[in-house]
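# Chains, contacts and geometry: an overview
The residues making up each chain are set out below.
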Amino acid sequence: MVALNKVLIAGRLTRKPELRKTPNGVAVTDLLIALNREFTTLGGDRQQEVCFVDVVVWGKQAETCVQMLDCSSAVLVEGRLQLDVWHGKEGDKRCKLRVAAERVQFLEKKHAQEKSLESASCV
């Protein structure tokens, strides 16, 4: 049986990445990437929709993301789907599907990012 778990997305960050460390000292950061899609309905109307994707980045790559990226930075992420499962405060089972980044490419130079920040609405 063949199994393939590969994700490739390109979009813009909705917030500035923040670095944190695991108890073992491994660097980690979470990215929230907005993927915009424009399409035409059957009635001929142009519409837009946005899909928000959670991405986790580990190690040296996480440190680099925190240094180089800002809100609205354009990125290309290559990774795999990962299902995180945990128990909530009331003991209920919770889960979240996200992308575990294997490679993050920065699609803009710092000057272009500064210009896009002027028109961005980030949290």
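Each chain carries its own residue numbering, running from 1 in the written order of its sequence. Per-residue local features of the predicted model are confined to residues with pLDDT of at least 70, and side-chain atom pairs are confined, for both listing and counting, to 80 or more; whole-chain, interface and lining totals are unaffected and use all residues. Side-chain calculation: all heavy atoms of the structure are included, whereas hydrogens and water are not.

## Considering the side chain of Asp84
What counts, and what does not: Runs of E in the DSSP output that reach at least two residues are strands. Runs of H or I that reach at least four are helices, and both are numbered from the N terminus. Note on classification: 1.4 Å probe, protein chains only; a residue is buried when its accessible area is under 20% of the maximum for its type, exposed when over 50%, partly exposed between these limits. Think of a polar contact as two N or O atoms within 3.5 Å of one another; within protein, one of them needs to be a possible hydrogen donor and the other a possible acceptor, and neighboring residues in sequence only count if both atoms come from side chains. Contacts were defined at the residue level, with two residues in contact if any of their heavy atoms lie within 4.5 Å.
Positionally, Asp84 belongs in strand 5 (residues 74–87). Using a relative accessible area of 17% as the deciding quantity, one classes Asp84 as buried. Side chain to side chain, Asp84 and Gln82 meet in a polar contact 2.9 Å long. In contact with Asp84, not counting residues within four places along its chain, are Arg94, Cys95, Lys96 and Arg98.

## Comments concerning the nonpolar core
Selection rule: The set of buried Ala, Val, Leu, Ile, Met, Phe, Trp, Tyr and Cys residues whose side-chain atoms join them within 4.5 Å is what this entry labels a nonpolar core.
Formed by 18 residues in total, the largest nonpolar core has its most connected members in Ile9, Ile33, Val55, Val57, Val75, Val77 and Val104. Looking at which element gives the most residues to this core, the answer is strand 3 (residues 27–40), with four residues.

## Focus on the environment of Val77
Mapping Val77 onto the fold places it in strand 5. Residue Val77 is classed as buried on the basis of its relative accessible area, which comes to 0%. Between the C-alpha atoms of Val77 and Ala100, which are 23 residues apart in sequence, the distance is 9.2 Å. Setting aside residues up to four positions removed in sequence, Val77 forms contacts with Val7, Leu8, Ile9, Ile33, Val55, Val99, Ala101, Arg103 and Val104.

## Focus on the pattern of salt bridges
The test is simple: We count a salt bridge whenever a side-chain nitrogen from Lys or Arg sits within 4 Å of a carboxyl oxygen from Asp or Glu.
Applying the stated criterion across every chain, the model contains 12 salt bridges. Across the salt bridge formed by Glu49 and Arg37, the nearest N and O atoms sit 2.9 Å from each other. You can see Glu49 sitting in strand 4 (residues 46–58) and its partner Arg37 sitting in strand 3, a full 12 residues away along the chain. A single network of salt bridges, built from pairs that share partners, joins Lys6, Glu78, Glu102 and Arg103.

## Section: the pairing of strand 6 (residues 93–106)
What counts, and what does not: Two strands form a pair only when DSSP identifies at least two bridges running between them.
Where strand 4 lies against strand 6, two bridges are found, and the strand directions are parallel. The residue bridging Val56 from the neighbouring strand is Ala100, located in strand 6. Direction of pairing for strand 5 relative to strand 6: antiparallel, over a ladder of 13 bridges. When the bridges of strand 6 are listed, Gly79 appears paired with Ala101.

## Points about the side chain of Gln82
Inspection of the secondary structure assignment puts Gln82 in strand 5. Looking at Gln82, the relative accessible area reads 17%, which means it is buried.

## Looking at the pairing of strand 3
Pairing analysis gives two bridges linking strand 1 (residues 7–13) to strand 3, with the strands arranged antiparallel. Among the inter-strand pairings, Arg12 is bridged to a residue of strand 3, identified as Ala34. In terms of strand pairing, strand 2 (residues 20–21) meets strand 3 through two bridges, oriented antiparallel. Across the sheet, Lys21 pairs through a bridge with Ala27, a residue of strand 3. Hairpin remark: strand 2 followed by strand 3, antiparallel, with five residues in the connecting loop; positive phi at Gly25, about 90°. The pairing of strand 3 with strand 4 spans 13 bridges and is classified as antiparallel.

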